[in-house]
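Take a look at the letters that make up each chain.
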Amino acid sequence: MLKVIYKLEDDISTDIIYPGRYMATVLPTETPQYAFDDMKDLNQLLNGKSTDEQSIIVAGNNFGCGSSREQAASTLVGHNVIIIAKDFARIFLQNAINLGLRTIICPDIEAVAGDVLEIHDDKVVNQTRGTTHPIIPLPEARRAIVEAGGLIPYTRLKLKQKLGIS
Amino acid sequence: MKQTVVRKILAKAVGQSQVNVGDVIEPQVDLAMSHENAALVMNQFFEIYSGLNAEPKVWDPNRISIILDHRVPAESKKTATNQKKIREFVAEQGIAKFHDIRGDEGGICHQILPEMGYVLPGYVVVGTDSHTTTHGALGAFSFGIGATEMASVWALGHVLNVEVPDTIKVIIDGEMQKFVSAKDIILHLIGKISAQGANFKVLEFHGSTISAMDTSGRLTISNMSVEAGATSGIIPADNETLRYLREVAGFTGAFEPVLPDNDAEYCQTVHIDVSKLEPQIACPHTVDNVKSVSEVEGTRIHQVVIGSCTNGRLDDIKIAADLLRGQKVSKNVRMLVFPASSRIYREALELGYVADLMNAGAVVMNSGCGPCLGVHQGALGDGEVALATTNRNFKGRMGNPVAEVYLSSPAVAAVSAITGVITNPIKGGY
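Residues numbered from 1 in each chain as written. Chains lettered and ligands numbered in written order. Predicted model: local features only at pLDDT ≥ 70, side-chain atom pairs only at ≥ 80, totals over all residues.

Chemist: Quick one: what's the story with helix α9 (residues 239–247) of chain B, residue by residue and with numbers?
Modeler: Residues and elements named next belong to chain B. Among the residues of α9, those classed as buried are Thr-241, Tyr-244 and Leu-245. The buried residues of α9 occupy an angular sector of 95° when the element is viewed end-on, so they sit on one face. α9 presents Asn-239, Arg-243, Arg-246 and Glu-247 as exposed residues on the side facing more than 90 degrees away from its buried surface. Considering only its buried residues, α9 is in contact with α8 (215–224). (Buried ≥ 20, exposed ≤ 12 C-beta atoms within 10 Å, placed from the backbone. Helix = DSSP H or I, 4+ residues; strand = E, 2+ residues; numbered from the N terminus. Arc of directions from axis to C-beta. Contact = placed C-beta atoms within 7 Å.)

Laid out in structure tokens, this is it:
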């Protein structure tokens, strides 16, 4: 059982998730402090919470629209959050899967900050409201990457085959 | 049969006679482009090789392009050090298509690729930039990916786990009024189908307006296809593509255009008649918040930006120079012009456009991305309003979350710079 810490609207862009002015930052481990830097309440909430505890951000349609900046996903990995959205933008979803950010597509999700959710393979149960919301499974093409632990280990496997090393 | 352009390109890239929507494939990449985020790609590339008993080596240094454009010249020691590391990597790996910060061959990645002839019809192009959709204007399947995904491409030469996308056919007909351009068409389309209307899909453009349009305008349309969520915006290659490749890009070889089958299967068809289309404008803070310019006429602006990979080409600068020649930019407006490449800058100089713009009060900056995404010069003050020919108006985009950005064509931006308020050039008697 996990708690929703924030509810976002539709069309949250990567400029909101991770402002362009911090893009000179290269290493994924450097990024978390800048998450939602222009939304001070959410930024402070994330920077103030313990990363030991996994928590949920709920969003609307087209979460992560805009640029291909992968920092928008790595910044959230660093805060140990799960994103449940009605839908995601393509490049963001791909980056999230590649980097191990848990993303759940749940078209009729209804939850607000403070709600407690239970995530199953095929549905999200909002325990606070007593409602159930079906999940759209990840595109098949992406599941192999998740199962390998992200794109880096997955590519490493492929590279070993290509180079003929064990 | 029944294949759209993207399906044909992908079938060839996996060596099959055809692929179907939803198939999971690993297409071979013809060109892999990165800008300063190559520093992050390098980090992930070395990570892939860590623990492997093998020397880190990119799959094909001739098929990788790296172009420094986002923060040029460097604005901080951090950026400067990243750029230095990229130069070292380029030298070590022998990456051929590298463009440094230079007045002879530098510029914005999405302008350098077409004008250098690096992209040909039928290519599979990936780039660590969402506006990689731009190169669909040359009949390629060109799409944005993240840095880790690019590291994987550098190592293997193909993109892992691509799902063959569905295609929306967009037919554009009619002759545009004076002061209406490619930018107005794509803004209108985004407003019509929404910022997520083409999510996970390809836009394939057809119609008499597209046939009559030159490659510069087509690049604008494909560039902003991503603002409707599209994976790519493809314009099938034709005689104009051949002309551009020969005359502008200096390409002398042969290519086979990839055309859709007559019975190609589309998930949706959108028809637009542009003969009565007015100049369009995307209002804060989403690109699909599109209106006719008339609806927001009179809105006070503080900064006008003409440039970027969307509208920083020679014809865009000419439109601005023609409108501003002998005129003055309003005292209440800062006008910034940044050409899309050094070559365009030099041509604009030779043709006198730069002098026209400067005499009017505009500042002509070096070629780069900076102001468009608020990372390098041209930031807005609190409460200020910008009118830009760039591609995004998200909150915070131009460096300030309490400022506003409107997006328009170069013609609307140029006349508005003179008046100091959003102005419709059609009504102004220009």
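Chemist: So, the pairing of strand β3 (residues 81–85) of chain A: which residues are in play, and what are the values?
Modeler: All names here are of chain A. With four of five residues buried, β3 lies mostly within the body of the structure. With five bridges joining them, strand β2 (residues 55–59) and β3 adopt parallel strand pairing. What sits directly across from Ile-57, in β3, is Ile-83. Bridge count for β3 against strand β4 (residues 103–105) is three bridges, and the pairing is parallel. Following the sheet pairing, Ala-85 is matched in β4 by Ile-105. (Pairing = 2+ DSSP bridges.)

Chemist: So what's going on with the interface of chain B and chain A? Which residues, and what values?
Modeler: If you look at the interface, chain B gives 48 residues, while chain A gives 44 residues. Only α2 (38–49), α3 (77–93), α5 (147–156) and β7 (162–163) of chain B provide two or more residues apiece to the side of chain B that touches chain A. Of the residues that constitute the side of chain B that touches chain A, the class distribution is 18 nonpolar, 21 polar and nine charged. (Nonpolar A, V, L, I, M, F, W, Y, C, P; charged D, E, K, R; others polar.)

Chemist: Give me the domain arrangement of chain B: which residues, what numbers.
Modeler: Residues and elements named next belong to chain B. Domain parsing of chain B yields domain 1 (5–272) and domain 2 (280–419). On a C-alpha basis, the centroid separation for the pair domain 1 and domain 2 is 24 Å. Tallying the contact residues gives 33 residues for domain 1 and 28 residues for domain 2. Among the secondary structure elements, those contributing two or more residues to the side of domain 1 that touches domain 2 are α4 (109–115), α6 (182–193) and α8. If you tally residues by element for the side of domain 1 that touches domain 2, the top one is α6, at six residues. Of the residues that constitute the side of domain 1 that touches domain 2, the class distribution is eight nonpolar, 15 polar and 10 charged. (Domains from an automatic or database assignment.)

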